[in-house]
Every structure is written in structure tokens, then in C-alpha cells.
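An overview of the molecular structure
Residues per chain are reported as follows:
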Amino acid sequence: MKRDLISMLDVKDDLEEIIDLGIKLKQKSKKGESIELLKGKNLCMIFEKSSTRTRVSFEVGITLLGGHAIFLSTDDIQLGRGETIEDTAFVLSRYVDMIMYRAKSNEAMKELAQHATIPVISGLDDKEHPCQVITDLMTIKEHKGNLKGMNFVYIGDGNNNMAHSYLLGCGIAEMNVKIVSPKQFWPDDCYVKEAKKFGARVEITDKIRDSTKDADVIATDTWVSMGDETEKEKRIKEFREYTIDKKLISLAKPDAIFMHCLPAYYGYEVTKDVAYGKHSVIFDEAENRLWAQMGIMVTLYKQSSFR
Ligand code: CP
Ligand code: NVA
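I will try to describe carefully the structure that is included in this document.

About the thresholds
Residues numbered from 1 in each chain as written. Chains lettered and ligands numbered in written order. Predicted model: local features only at pLDDT ≥ 70, side-chain atom pairs only at ≥ 80, totals over all residues. Heavy atoms only, no water. Near = heavy atom within 4 Å. Polar contact = N/O pair within 3.5 Å; in protein donor to acceptor, adjacent residues only side chain to side chain. Areas by Shrake-Rupley, 256 points an atom, 1.4 Å probe, with all protein chains shown as cover. 1 Å grid on protein atoms, 1.4 Å probe; cavity = no way out; pocket = protein on both sides within 12 Å on 5 of 7 lines; lining within 4 Å. Sits in = over half its atoms within 2 Å of the grid points. Nonpolar A, V, L, I, M, F, W, Y, C, P; charged D, E, K, R; others polar. Points joined across faces, edges and corners; volume = space filled by probe spheres on them. Helix = DSSP H or I, 4+ residues; strand = E, 2+ residues; numbered from the N terminus. Pairing = 2+ DSSP bridges. Right-handed = clockwise from strand over helix to strand, strands pointing away. Contact = heavy atoms within 4.5 Å. Axes fitted to C-alpha atoms, helices over the stretch in contact; angles between N-to-C directions.

A word on the site of ligand 2
Near ligand 2 the following residues occur: Leu124, Asn160, Asn161, Asp221, Thr222, Ser225, Met226 and Leu262. A distance of 2.6 Å separates a nitrogen atom of ligand 2 from a polar side-chain atom of Asp221. The contact in question runs from a nitrogen atom of ligand 2 to an N or O atom on the side chain of Ser225, over 2.7 Å. Protein chains bury 94% of the 270 Å² of accessible surface belonging to ligand 2 in isolation. Judged by its atoms lying within 2 Å of the grid points, ligand 2 is housed in the largest pocket. Tallied by class, residues from the shell around ligand 2 come to 3 nonpolar, 4 polar and 1 charged.

Structure below.
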């Protein structure tokens, strides 16, 4: 048996344990203590899309854990020339101990995980971005002390990978989650239904006015995700009322935090004064990719018995 991380639902039983491990590894590493929990292990990272944070944080993370990373772009490997995902999964499983995959589609992600005999960790696909949301929940826990009962408001593209993983992640953590988005960009129903199963308050609305009232956390993401580029002009028009500005932040709780997974496009989903303002934790969030993913890699590897 091996454990994968493709959806937030894959960590529904141990989300807070993984977050706490990430926090512990961060503290230990900053004190100069050894955290080589994956000594000699190899991680293969396959990228079908661009990345700054995911690539660097996974590579540095496995190195700090005593292991090694191999970067593969689909432009350079046989997968990009028609070798099957199935054969790629079989072959890589013979060489390395874990795979991180940034995929164009959730179908490809699931296919790789199905055939690999080692843990597969999603570095994002078109449906979810679980590593980012686990990181964001870790960041909220660091700033707020806890997760349960927090009011989380996401404004922007409600039908992208971040919105879907936020719905599930907030649901699992028993946070109240509100997605504010034009109706044509509301989340896929299955994510809303799953989030509600955990008993959290889930609200989907297109009303941006007053939407941040009493919020503990306000988050957004780009209006034009990777793969949506052909719709850029249309999307900018459709989302134009949904920019997070100082006025929206001022309605939230005085100690509310602002989050963005980055990359950000200032003047569109958020104004630069908010992103760089006193409520913003966007660079703590970026840093925490490193620590949260170390918690993820250690947990998945230790709980797999594939050798
Ligand atoms: N947030 C995030 O996943 O960033 P990258 O696309 O730079 O990896
Ligand atoms: N929703 C964005 C996230 C980038 C990290 C995208 O898929 O491009």
C-alpha cells in the first residue's frame, strides 16, 4: 500500500497532524537541528506547466530532509513525445521513492498515481492544488492559533484548483467557507457537496458587497489560471467587480489576514496596497510551501509500505 496526495480528501483523517509536523520541522530547522527524515530518498518532479514556488520548495525541502530531487520537464522527457503515463509510472517507480507531478489534467494525475507503486503528490492540476491549501491552512494556524470556526472568504475564480481545494480543506478543518464569484465561475458541485459533509458552513455567492464582513481570512487567486490563457480578455471583463481592495479588507475583523498563493496580478484580483499591506501574509504563505510539503513528504513516505 502507498499513499498519494491528489485531493484534499486524501488527507481528511490527518490534515492537522501533517500541518503540525510542518510547523515542527520549521521550528527544528530554524534552530539548526537535523531534520533528515528522508535521508537518501529520491523525489522525481514532473512539470507539465510552469512553476516557481512548487519547483524550488520541493527541491529544497527534500534536500533538507536528506534526500535528492530530480527535475523533469515534459518538454524534455519521453512522456512529452507520446510515451504513456502508465509506462512512465512503472519506470519511475523502479528508480525513485516519490513523484511530485504538476499536471495539465486531473485525469493524467490519477492515471499516474494509479500505476505508480510509490507515493504521487500533486503539485497542482486543473481541479485541485492540495499542497498549496495544506500550506495555507498551516499559515492560518500559525497566525490565528487554530482553524476550527474561522471565517474564510475566497473571492475570485470559484471554479479553479484553489477554490476547489479550499472548499475541501476548510470543510475538513471545520472552518466556515464562503466562495464569492460570478455565477458562471461557481465551483463544481461535487466539491461543494463534499465540503458540506464535514459539517462546516459553506456559502457560494456572487454578491461581493459586504462579503468580507467578519472574515478572519480573505484569499484570492489569479482570474486566469494556467490553461485559461485564451479566455484572458473575457475573464478580465467578467471578474472586473471582484478585485480585493482596501475597502473590502476594512470590513473584515481588525486582525484578518490576506492570502494569495501567488503568482499575483496586481490591479486585477487584488490591489498592490492590499497585497503589500499590514493584513497580508503572502510571503509567509510562500515560505510555508517548503515546510508544509516536508510534512507531506515525510507522512506519505512513512505511511507507505511499497518496498
Ligand atoms: N503557488 C504556486 O503553486 O506557485 P508556482 O506556480 O510558482 O509553483
Ligand atoms: N490557479 C492557478 C494557481 C497557480 C499556482 C493556476 O492554476 O494557474
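From this point on, the discussion continues.
Observations regarding the layout of surface pockets
When its volume is computed, the largest pocket comes out at roughly 510 Å³. In this structure, the largest pocket is lined by 28 residues; those nearest its centre are Thr222, Val224, Met226, Pro263 and Tyr265. Those elements that provide at least two residues to the lining of the largest pocket are α2 (53-64), α6 (161-172) and α8 (232-238). When its residues are assigned to classes, the lining of the largest pocket shows 11 nonpolar, 9 polar and 8 charged.

What to know about the pairing of strand β2 (residues 68-73)
Relative to β2, strand β1 (residues 42-47) is paired through 6 bridges, and the arrangement is parallel. By the bridge assignment, Cys44 is partnered in β2 with Ile70. Handedness of the β-α-β unit built from β1, α2 and β2 comes out right-handed.

Side note on the site of ligand 1
Within the structure, ligand 1 sits among Ser51, Thr52, Arg53, Thr54, Arg102, His129, Gln132, Cys261, Leu262 and Arg289. The contact in question runs from an oxygen atom of ligand 1 to an N or O atom on the side chain of Thr54, over 2.7 Å. Within the contact set of ligand 1, a nitrogen atom lies 3.0 Å away from a side-chain nitrogen or oxygen of Gln132. Within the complex, 96% of the 250 Å² of free accessible area of ligand 1 lies under protein. A molecule is said to occupy a pocket when more than half its atoms come within 2 Å of that pocket's grid points, and by this definition ligand 1 occupies the largest pocket.

What to know about the side chain of Thr205
Positionally, Thr205 belongs in strand β7 (residues 202-205). A polar contact is formed between the side chain of Thr205 and the backbone nitrogen of Lys207, at a distance of 3.0 Å. Beyond its immediate chain neighbours, meaning those up to four positions away, Thr205 contacts Lys178, Ile179, Val180, Ser181 and Trp186.

Thoughts on the sheet that holds β1
On the basis of which strands lie adjacent, the open sheet formed by 4 strands has the order β2-β1-β3-β4 and parallel pairing. Each of the sheet's edge strands pairs with one partner strand only, and the pair in question is β2 and β4 (120-122). Strand-to-strand twist of the sheet, defined as the mean angle between neighbouring strand axes without regard to direction, takes the value 20°. Sheet topology note: the β1/strand β3 (residues 98-102) ladder contains 5 bridges and is parallel. Across the sheet, residue Ile46 finds its bridge partner in β3, namely Tyr101.

Regarding the sheet that holds strand β9 (residues 257-260)
Taken in spatial order, the 5 strands of this open sheet run β7-β6-β5-β8-β9, and their pairing is parallel. The open sheet has two edge strands, β7 and β9, and neither has a second partner. Here the average twist between neighbouring strands, direction ignored, is 20°. Bridging between strand β5 (residues 151-155) and strand β8 (residues 217-220) involves 3 bridges; their strand directions are parallel. Each residue of the ladder has a partner; that of Phe152, found in β8, is Val217.

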